[in-house]
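# Summary of structural features
Take a look at the letters that make up each chain.
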Amino acid sequence: MSKNNTWLIAALIFSLYFFSTQCVFAQTVWLDQLDLSAATQGYGMPGKNKSVENKTLTIASKTFERGFGTHAESSLLIKLNGNATRFTALVGIDDEVTGHDPAVEFVVLGDKKKLWSSGIMHLKDSARFCSVPLTGVQTMELVVTDGGNGNYYDHADWTDAKFETSGKGNIAATNPISSEKYILTPKASPKPKINGPAVYGVRPGSPFQYLVPATGNRPMRFSSKGLPAGLKLDAQTGIITGKLPKAGTFNVILTASNKLGKAAKTLRIMCGDRIALTPAMGWNSWNCFANEVSADKIKRAADAMVKSGLINHGWTYINIDDFWQNNRDSKDPDLRGKFRDDRGNILPNKRFGEIKPLADFVHNKGLKIGIYSSPGPWTCGGCAGSYGHEEQDAKAYSEWGIDYLKYDWCSYGGVIDGMPENDPYKVASFSPTGGSNLQTAIKPYKLMGDYLRAQPRDIVFSLCQYGMSDVWKWGDSVNGQSWRTTGDITDTWNSVKSIALEQDKAAAWAKPGNWNDPDMLVIGNVGWGNPHPSKLKPDEQYLHFSLWCMFSAPLLIGCDMEKLDDFTLGLLTNDEVIALDQDPLGKQATCQDTVGDLRIYVKTLADGSKAVCFCNFGQEKVSIAYNGFSKLNIKGKQQVRDLWRQKNIAAIDTRTSKLHIEVPAHGVVLYKFYPGK
Ligand code: GLA
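Residues numbered from 1 in each chain as written. Predicted model: local features only at pLDDT ≥ 70, side-chain atom pairs only at ≥ 80, totals over all residues. Heavy atoms only, no water.

### Here's the deal with the layout of surface pockets
- Of the pockets and cavities examined, the second largest pocket occupies roughly 810 Å³.
- Counting residues per element, the ones that place at least two in the lining of the second largest pocket are strand E6 (74-79), strand E11 (139-145) and helix H7 (493-501). (1 Å grid on protein atoms, 1.4 Å probe; cavity = no way out; pocket = protein on both sides within 12 Å on 5 of 7 lines; lining within 4 Å. Points joined across faces, edges and corners; volume = space filled by probe spheres on them. Helix = DSSP H or I, 4+ residues; strand = E, 2+ residues; numbered from the N terminus.)

Here it is in structure tokens:
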């Protein structure tokens, strides 16, 4: 080979190398080529080239082959690392929701700054073109907001969506919230320990039933000191029953013992006109079974509450939600039948038969039972409601042995001025109209509240009207013990976050016997008839449960209790966390300080200590040295206890010390501060 040739070959090899490493081509990357499952959205699953209902993407009658079908509130984070030059897409609401009135806004964020927004879009608006330069942007977020009118039917499509990239490196969808499940609750000791609230309210003459919740090995023996006449404690089951003839306050010392030891706890029984002195704790059928509920499922839920050990931590109510009655539209023969008998008595559907034997079954386990109705002619699911039969229904509940009624506005908006043309079928099952007028809002709840109060039985009255007319201001006056403050929860981060952020406004009205209800828990296997593991990430579930306890919320498990995994059980059985919810002072936590996306909630407890929940609503881990104690009204020398881990972690002087706090994205740390060196 000549010298010249050698040079030529060397030059060729070098230029090939240079070409392959330095010289790259611009490339198109389609949005649907990324892992869309990283998105979080308000309902359903992210659709790759499909709509939320898994159909062809269609905006204003135009179909699109490629894109991302999602549901507000929606967020997809994409790591660009400076590799993209432009994003383009055509966006709009999918035609599949015709007949409804959705509104959304599409927003593109680059490194947290708004780069583009569609403006509010409605159904049938033609697709809007989005073209956003991205040079230098590291992280991009595609967001769909609910357009300001709630996220009902907000099926939103990013179609023909693609990036122009430099071709130098990858771009990838990412979800910064950890999926790692970790259990913090220590295992219960085999020695006896009595859990549950420190106070219990009952009215004179009402049947009394209280199970002493205790962890520890069985067999266990129960005894008491100071139990007033009229009540007796079953030494084997730990169930107290009977009746108290007269008002009075009784401090009863309860004892539980097994082979390994003995434990005692004082329970203050307050016999008077107030009940639910601590928020109700139990389970409700709606979030897992919805319209599939049956007597069999209720019995199995009661069995599961016992077998899982939840009963030993104070979980008590087994509540039947909608669909125990007959239904106006269902094709299922089990749900079709007369709504009431000739005397007007409500008739359960074929899946339930008689309610009394079911109530007895639940009571025999030491648990309590709840039921559901509406002041309108129809429940939200189109089953028979109580309109015109309120007194009869209240009596029936009492005779059956019902302990709790959830009373849901649903169709009542359609009968505010009476039944139109005397025809209930002219009334829609859901009509929240009228609820913003205070007198109209109060009327149906006062009616049922008075009838319940007249029964010879304590029935917790749970108002469900989504917070209309500031229900927290008047719920007590209609004999309510709790009231929903919001619309329905779903197992999405956006739902939990937006409900959590709305609670402070009602906090001042929470007190023993009166509780704000931010809706049921969405942890474990939930799914409204199609159960699936909660879409909330583990940290989001810790935040959800911690905050609901801080809020003194009624705690209603919404999952299938036959499918509890260790993680979910850990969340539901931490007695120190539950004790915040059940604290007898009944103060609801409010946010007292913020550090960026970190919100710091404080709840004053009966013993004078304070529970503090550091909640990270942001997408990045927070790591700070905190010293804002004066804002939390925490003074002097304090012991700091980590409630999830049930461990003292620090002793601080709030004037001088800083507390190092690390909170995972969408997670919490939950501490109790109490005076001491
Ligand atoms: C409403 C309530 C839910 C549930 C359903 C039943 O949506 O808010 O909690 O009770 O009705 O149809």
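Still more to cover.
### Looking at the pattern of salt bridges
- This structure, assessed with the given rule, holds 35 salt bridges.
- The partner of Glu620 in a salt bridge is Lys112, and the shortest N-O contact between them spans 3.5 Å. Highlighted residues: Glu620 in the loop between strand E35 (610-616) and strand E36 (622-626) and Lys112 in the loop between strand E8 (103-110) and strand E9 (113-122), separated in sequence by 508 residues.
- Between Arg300 and Asp296 there is a salt bridge, with its nearest N and O atoms 3.2 Å apart. (Salt bridge = Lys/Arg side-chain N within 4 Å of Asp/Glu carboxyl O.)

### Looking at empty space enclosed by the protein
- Counted under the stated rule, the structure contains three cavities of 30 Å³ or more.
- In this structure, the largest cavity occupies an estimated 80 Å³ of space.
- Arg203, Asp273, Ile275, Leu452, Arg453, Arg457, Asp458, Ile459, Asn479 and Gln481 together form the lining of the largest cavity.
- Along the lines of polarity and charge, the residues of the lining of the largest cavity split into three nonpolar, two polar and five charged. (Nonpolar A, V, L, I, M, F, W, Y, C, P; charged D, E, K, R; others polar.)

### Overview of the site of the ligand
- Close to the ligand lie 13 residues; Asp321, Asp322, Lys406, Asp408 and Asp488 are nearest.
- Contact distances for the ligand include 2.8 Å between an oxygen atom and a side-chain N or O atom of Asp322.
- A distance of 3.0 Å separates an oxygen atom of the ligand from a polar atom in the side chain of Asp408.
- Against a free-state accessible area of 310 Å², the protein chains account for coverage of 93% of the ligand.
- Taken together, the residues of the shell around the ligand sort by class into six nonpolar, one polar and six charged. (Near = heavy atom within 4 Å. Polar contact = N/O pair within 3.5 Å; in protein donor to acceptor, adjacent residues only side chain to side chain. Areas by Shrake-Rupley, 256 points an atom, 1.4 Å probe, with all protein chains shown as cover.)

### Brief notes about the sheet that holds strand E23 (residues 281-284)
- In spatial order, the strands read E29-E28-E27-E26-E25-E24-E23-E32; together these eight strands make up an open sheet with parallel pairing. Each end of this open sheet is capped by a strand with a single partner; those strands are strand E29 (515-517) and strand E32 (555-557). On average, each strand axis in the sheet is tilted by 25° relative to the strand beside it, whichever way the strands run.
- Two elements, E23 and strand E24 (residues 317-319), share three bridges in a ladder whose sense is parallel. By the bridge assignment, Trp283 is partnered in E24 with Ile318.
- Contacting E23 and E24, helix H3 (residues 295-307) runs over the sheet at an angle of about 160° to E24. (Pairing = 2+ DSSP bridges. Axes fitted to C-alpha atoms, helices over the stretch in contact; angles between N-to-C directions. Contact = heavy atoms within 4.5 Å.)

### Some words on H3
- In this model, H3 (13 residues) spans 18 Å end to end at C-alpha, consistent with the 18 Å of a helix rising 1.5 Å per residue.
- Elements that come into contact with the buried residues of H3 comprise E23, E24 and helix H4 (356-364).
- Looking one or two residues past H3, Gly309 carries a phi angle of roughly 85°, positive in sign. (Expected span 1.5 Å × (residues − 1).)

### Observations regarding the state of the cysteines
- The full count for this structure, using the stated rule, is one disulfide.
- In this model, Cys380 is linked to Cys410 through a disulfide, with the two sulfur atoms separated by 2.0 Å. Since a negative S-S torsion denotes a left-handed disulfide, the Cys380-Cys410 link at about -85° is left-handed. Taken together, the residues Cys380 in the loop between strand E25 (368-373) and helix H5 (390-400) and Cys410 in the loop between strand E26 (404-408) and helix H6 (438-453) connect sequence positions 30 residues apart.
- Its sulfur unpaired, Cys549 is 9.5 Å from the next cysteine sulfur, which belongs to Cys613. (Disulfide = S-S within 2.5 Å.)

### Side note on the packing of H3 against H4
- Close contact between H3 and H4 brings their axes to 10 Å; oriented N to C, the two are set at 10°. By the angle class used here, H3 and H4 are roughly parallel. Along the contact surface, H3 presents Ala295, Ile298, Lys299, Ala302 and Asp303, while H4 presents Leu358, Phe361 and Val362.
- Across the contact of H3 with H4, the residue classes break down as six nonpolar, no polar and two charged. (Parallel < 35°, antiparallel > 145°, perpendicular 65-115°, else oblique.)

### Let's talk about unusual backbone geometry
- Here the amide bond leading from Ala72 into Glu73 is cis, since omega sits at -10°, within 30 degrees of zero.
- Within the secondary structure layout, Glu73 lies in the loop between strand E5 (67-71) and E6.
- At the junction of Arg218 and Pro219, the peptide bond is cis and its omega measures out at 0° in the coordinates.
- Mapped onto the elements, Pro219 comes out in the loop between strand E17 (214-215) and strand E18 (221-225).
- Positive phi, close to 60°, is recorded for Asn49, a residue that is not glycine.
- Relative to the helices and strands, Asn49 is located in the loop between strand E2 (47-48) and strand E3 (57-59).

In short, shape yes, function no, at least from these values alone.
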